[in-house]
Every structure is written in C-alpha cells, then in structure tokens.
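Per-entry structural report
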Amino acid sequence: MQLTASHLPAILSLIGTPLLTLRYKLSWKGIAGFYMALLLLRQKLLVKKLMEKGSDCYTLESIGISHYVETVRFCMDYKGIQYTEQESVGIMGVMTTGRTVPRLLYGRTILGDSKDIMRFLYGSTGDEFFSPTQEALRLEKKFDKIGIHLRRWAYYHVLCSPGGYLRGLRVWGIDSKYIPIWQKTLLVAMYPLLRVFLLAILGINEKGAAKGYENLCEILQEVDEILSDGREFILGGAGPSYSDFQFAALMGPFEVNYNPGRLTTTGHELMKELPSEFQTQFADLYSKPSGRHAHHIYESFRMQVEKA
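Residues numbered from 1 in each chain as written. Predicted model: local features only at pLDDT ≥ 70, side-chain atom pairs only at ≥ 80, totals over all residues. Heavy atoms only, no water.

1. Here's the deal with the overall build of the protein chain
The helix and strand inventory of the protein chain stands at 13 helices and four strands. For the protein chain, with 308 residues in total, the buried portion stands at 49%. Sequence-distant contacts in the protein chain: of pairs separated by 6 or more residues, those separated by 24 or more amount to 74%. Carbon and sulfur atoms provide 58% of the accessible area of the protein chain, an area that totals close to 14,900 Å². (Helix = DSSP H or I, 4+ residues; strand = E, 2+ residues; numbered from the N terminus. Buried < 20%, exposed > 50% of the residue type's maximum accessible area, 1.4 Å probe, protein only. Contact = heavy atoms within 4.5 Å. Areas by Shrake-Rupley, 256 points an atom, 1.4 Å probe, with all protein chains shown as cover.)

This is the structure:
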C-alpha cells in the first residue's frame, strides 16, 4: 500500500500515543483529545485530496449497522450502481469530526445525507425508481423518523441490558474486517467516553425507549392504512420505489440479510441476546401489515441482490 499524507494521522497515533503517555503521563481524556485532533487532521487532508483530484466512481462512506446507510446501499445495489464502500467505526465520526454517514463521494461532489443522495441519483440516472413525487417526499420525511425512534428503543436494549457494554463494541465494528486496525484501537481507547456520549445525546434510557417504541408504532399505523387497500408497494405502482426500500432499510437492522456479506455480527444474531421483552415487541411490530411489508421487501429484493 502506498503511503499518502492522509495516512499521517494514523502513523502519528501509533507512534505518538505511547510516547506522549510516557512523557507527559496523559490521562485517558488527554489521549482522547489527541486522537480527536488527529482525526480532524485526517479529515482535512482527505477533503483536500478529493478537491485536488476528483474520482470518477462512487465511494460510499459507511458504518456497519446504520438505517440511513443501508437505505442508500440497498437502492444502489438493487439498481446495479457500482461503488466502493469505505467503512468506519460507528458513532466516532460524528463525535470527533461532526460528520455523519452516509456520505457519497463522486468526483468533487460530496453528499452527506441520504435524502440528498437520492435526489442526486435521480438526477444522474433519470431512473423513476428514485422519482421524488409529492407523496414520496411526504413519506420520506416521516420515514426518516423511524430511524430515530427505532434507534432509541433498540439501543436501550442493546447497550443497557446484561452484556451491553461489550455488545456495543461489536455493534460499532470491533470485529469487522473492513475497518482499519487503528480505528479499532481508537474505539477501544475512547469507548467509555463514546458510550456515555451516545446515551446522553440520544436520550437512551428506559423512558426514552418506551417513547421511541410508542412513536414507532404510530408511524407504522399510518403505513398499515396505506397498505390496507391491498397494494403491494407503498406508492401503489407496479414495482417498488425507493420509498419501499427506505422504509424497509429503516426497519431492517435485525433482518437476516441486512447489509449482506459485510457484517461479522449481524443484528439478527444480536436479537438472540436481547431481553425477551424486546423480542416480543419486535415480533409484534413485524406481525403488522407494515412490518410484513418491510420483511417482504428484504426477502424479495435484498436476497436477489446478494445472489446476483
């Protein structure tokens, strides 16, 4: 592998951390601050490199388990749009650089929101699958809230139930073969701080989980009503649209074939470790017409992509 300026922060982290720790007896907070500065430097170098020399192919920046990344990934896979995926440790990016995923890079274009990426793909391909009709945009805004509510509800059980401390490391990619070793090292060093940050900023607690589940059920009720006329797809067309894939992806982290081929620890496997209360609530959600629709989209179209 050819070393470039963007590798400088990783090299500094490997060499500088032990030296600074020994010389100045840095606390874990000092080490975390040092790593944050290096990540900011790396981000600046990568953006500079991108602006100097654009790429003529798509690059999707991701984390292993993300509702919003999967929305983009699922759509691009289904439509046969070629891209390279660059996976990073979960949550760390937003805390250290203010950057969230997904991010789609193409030439000198950087898109940092799944909705903007859908508009870009419609403009670049002209494919009606991505067409932002009035109803699609209305539902897109509502479906986006599924990710927020499901995250608060699920994260409480994933992180706060017995075994949750180590489970969080697995969810954020500690066992992923696609994440660089230096990021995993940083994850271990910063994990206590990252975990506290996540629980606080997202309101991950018993009350927040109950409210998240309640709000999630309200959105699914509306989807149940949309599907009550017997339509197979949410917008009523002869085939699926990105609205179906968005809904399925936001509901889908615990699906068997979520993000196929890349997850070492899948949400489906994690489900077996979670409290029976969560498993019962999850089963109730998927017994609804909306839940069955999300599962149908994954079974019918995600498996098709994986086998292709």
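2. Brief notes about the packing of helix H5 (residues 114–125) against helix H6 (residues 134–160)
Taken N-terminus to C-terminus, the directions of H5 and H6 make an angle of 150 degrees; their axes are 11 Å apart at the nearest point. Between H5 and H6, the angle falls in the class roughly antiparallel. As H5 packs across H6, the resulting crossing turns out to be right-handed. Judged by residue contacts, Lys115, Met118 and Arg119 of H5 engage Leu137, Glu140 and Asp144 from H6. Among the residues forming the contact of H5 with H6, the class breakdown is two nonpolar, no polar and four charged. (Axes fitted to C-alpha atoms, helices over the stretch in contact; angles between N-to-C directions. Parallel < 35°, antiparallel > 145°, perpendicular 65-115°, else oblique. Left-handed = near helix turned anticlockwise from the far one by under 90°. Nonpolar A, V, L, I, M, F, W, Y, C, P; charged D, E, K, R; others polar.)

3. Observations regarding the packing of H6 against helix H10 (residues 242–251)
Two measures define how a pair of helices packs: the angle their axes make with one another and the distance between the axes. Here H6 crosses H10 at 10 degrees, and the two axes come no closer than 9 Å. Taken as axis vectors, H6 and H10 run roughly parallel relative to one another. Each of Ala136, Leu137, Leu139, Glu140, Phe143, Asp144, Ile146, Gly147 and Leu150 in H6 lies in contact with H10, whose residues at this interface are Tyr242, Ser243, Gln246, Phe247, Leu250 and Met251. Residue composition of the contact of H6 with H10, grouped by class: ten nonpolar, three polar and two charged.

4. Details of the confidence of the model for the protein chain
Across the protein chain, pLDDT averages 84, with 80% of residues at or above 70. Model confidence for the protein chain, summarised as mean pLDDT per element, is weakest for helix H1 (residues 8–24) at 55 and strongest for helix H9 (residues 206–227) at 97. A low-confidence stretch, residues 1–5 stays under pLDDT 50, and its non-local contacts, those more than four residues away or across chains, total five contacts. (pLDDT = per-residue confidence, 0-100.)

5. Here we look at the side chain of Ser241
Mapped onto the fold, Ser241 is located in the loop between H9 and H10. Residue class for Ser241 comes out buried when judged on its relative accessible area of 9%. Those residues within four positions of Ser241 in sequence are excluded, and the remaining contacts are Phe129 and Leu235.

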